[in-house]
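# Coordinates in review
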Amino acid sequence: MESIGIHRWTRWGSGWQRGAVTEGTLRYTAFTDDPAGGNPAGVLLDAAGLDDAAMLATAAEVGYSETVFVTARDEAERRFAVRYFSPLAEVAFCGHATIALAVALAERIGPGPLTLDTAAGEIPVRTVADGAGRVRATLTSVPTRSRPASEAEVGATLRALGWEAADLDPLLPPHVAFGGNDHLILAAAGRERLADLSYDFDALAEVMRRHNWTTVDLVWRASPVRFHARNPFPVGGVVEDPATGAAAAAFGGYLRVLGLAPAAGTPIAIRQGEDMGRPSDLTITLDPGEPRTHVTGTAVSTV
């Protein structure tokens, strides 16, 4: 969904009107070190003067699944107020845009801890640079939760996906999980089922709007600590997200509730975007007695 050009906003009365091409909106792709992989995000480091309509229109013009806007900043405290917009609506939290923003900030003010104030709550982020200067960011989600999905929720979703109940892994039951947003988690019984994704965009969007889900998190378990994932995102105007940090955070909560979390601190690898040609690698870790998920990844500028 990448579009050409980003617009500048000029003051006009009480609102903002689109003018010439915007300078200063950065383009990063998250959960990869390859500009051709990962999930692209727009990053606007100074959006203090933009109203809701301006941010939404900017996100639509950028055309990525999410654009993150820094609306207030305290660089001395390394604290930033942020908002996230898809091309169609504001979302409370976006993981891949958070990783993109954290890397962009670390490249400008140096690595170290960051605190993001989001509509979902406070998100601590730790950034570190390796010997080559590549920055890796780890966000800590808001407290997660997970509940079994109802038969009605699962049935409507399967119909929109064109899947059958027999396509699901009986050892990983459907849940609605939260890690900043709600996501329906469905586990495919085989890798082939996950790879073959052709769904009814409008029907799935309607189901998701009805239940206020941000994505449907389709996963396949390769091992207890390695999963493949796909994330349809029609409510954001996007067929599929190639990397979804918020869904990964929710998935961590799901594993915890099911008693499937590995030993404390053991990395869980999530491979996403492979089937759409934008491979992405997300790593999550869980701590005992802590309801939050740590989500780690890299990001790289695409321009």
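Below or above, wherever it landed, is the structure these notes cover.

About the criteria used
Position numbers for residues count from 1 along each chain, tracking the sequence in the order it is written. Thresholds applied to this predicted model are a pLDDT of at least 70 for local features of residues and 80 or more for the giving and counting of side-chain atom pairs; totals over whole chains, interfaces and linings are not thresholded and use all residues. As a convention, hydrogens and water are excluded, and side-chain values are obtained from all of the structure's heavy atoms. What counts as a helix is a DSSP run of H or I of at least four residues, what counts as a strand is a run of E of at least two, and both are numbered from the N terminus. Here the radius of gyration uses the C-alpha set of atoms, whereas the globule reference equals 2.2 Å times the residue count to the power 0.38. Here a residue-residue contact requires only that any non-hydrogen atoms of the pair lie within 4.5 Å. Accessible surface area values rest on a Shrake-Rupley calculation with a 1.4 Å probe, where residue burial reflects the displayed protein chains alone. As used throughout, the charge tally considers Lys and Arg to be positive and Asp and Glu to be negative, leaving His and the chain termini uncounted. For charged residues, the charge sits on one atom: NZ in Lys, CZ in Arg, CG in Asp, CD in Glu. We define a nonpolar core as any set of buried Ala, Val, Leu, Ile, Met, Phe, Trp, Tyr and Cys residues linked to one another through side-chain atoms lying within 4.5 Å. Remark: exposure states derive from per-residue accessible area (1.4 Å probe, protein chains only) relative to the maximum for the residue type, with buried under 20%, exposed over 50%, and partly exposed in between. Strand pairing requires that DSSP identify at least two bridges connecting the strands.

### As for the overall build of the chain
Within the chain one finds six helices and 19 strands. A compact globule built from 303 residues would reach a C-alpha radius of gyration of about 19 Å, and the chain, at 18 Å, matches this within 12%. For the chain, the share of sequence-separated contacts (at least 6 apart) that also reach a separation of at least 24 residues comes to 63%. As displayed, the chain has an accessible area near 12200 Å², and 53% of this comes from carbon and sulfur atoms. Mean positive and mean negative side-chain charge positions of the chain (26 and 36 charges, respectively) differ by 2 Å.

### With respect to the nonpolar core
Core analysis: the biggest nonpolar cluster contains 55 residues, and V43, Y84, L101 and F251 have the highest contact counts within it. When residues of this core are assigned to their parent elements, the largest contribution, nine residues, is made by helix 2 (residues 95-109). Beyond its immediate chain neighbours, meaning those up to four positions away, L101 contacts V43, L45, V68, V70, V82 and L116. Core analysis: the second largest hydrophobic core is formed by 25 residues, A149, A205, M208 and V216 among them.

### Remarks on the pairing of strand 6 (residues 79-85)
Among the seven residues of strand 6, five are classified as buried, and the element is accordingly described as predominantly covered. Bridge analysis of strand 5 (residues 66-74) against strand 6 gives seven bridges, and the strand direction is antiparallel. Across the sheet, D74 pairs through a bridge with R79, a residue of strand 6. Taking the residues between adjacent antiparallel strands as the criterion, strand 5 and strand 6 are bridged by four residues, where R78 takes a positive phi near 55°. The pairing of strand 6 with strand 8 (residues 112-118) spans three bridges and is classified as parallel. Looking at the pairing, R79 lines up with T115 of strand 8. As judged from the two bridges shared by strand 6 and strand 7 (residues 90-91), these two strands associate in the antiparallel manner. Note that in strand 7 the partner of Y84 across the bridge is V91. Counting the residues between successive antiparallel strands, the hairpin from strand 6 to strand 7 contains four residues.

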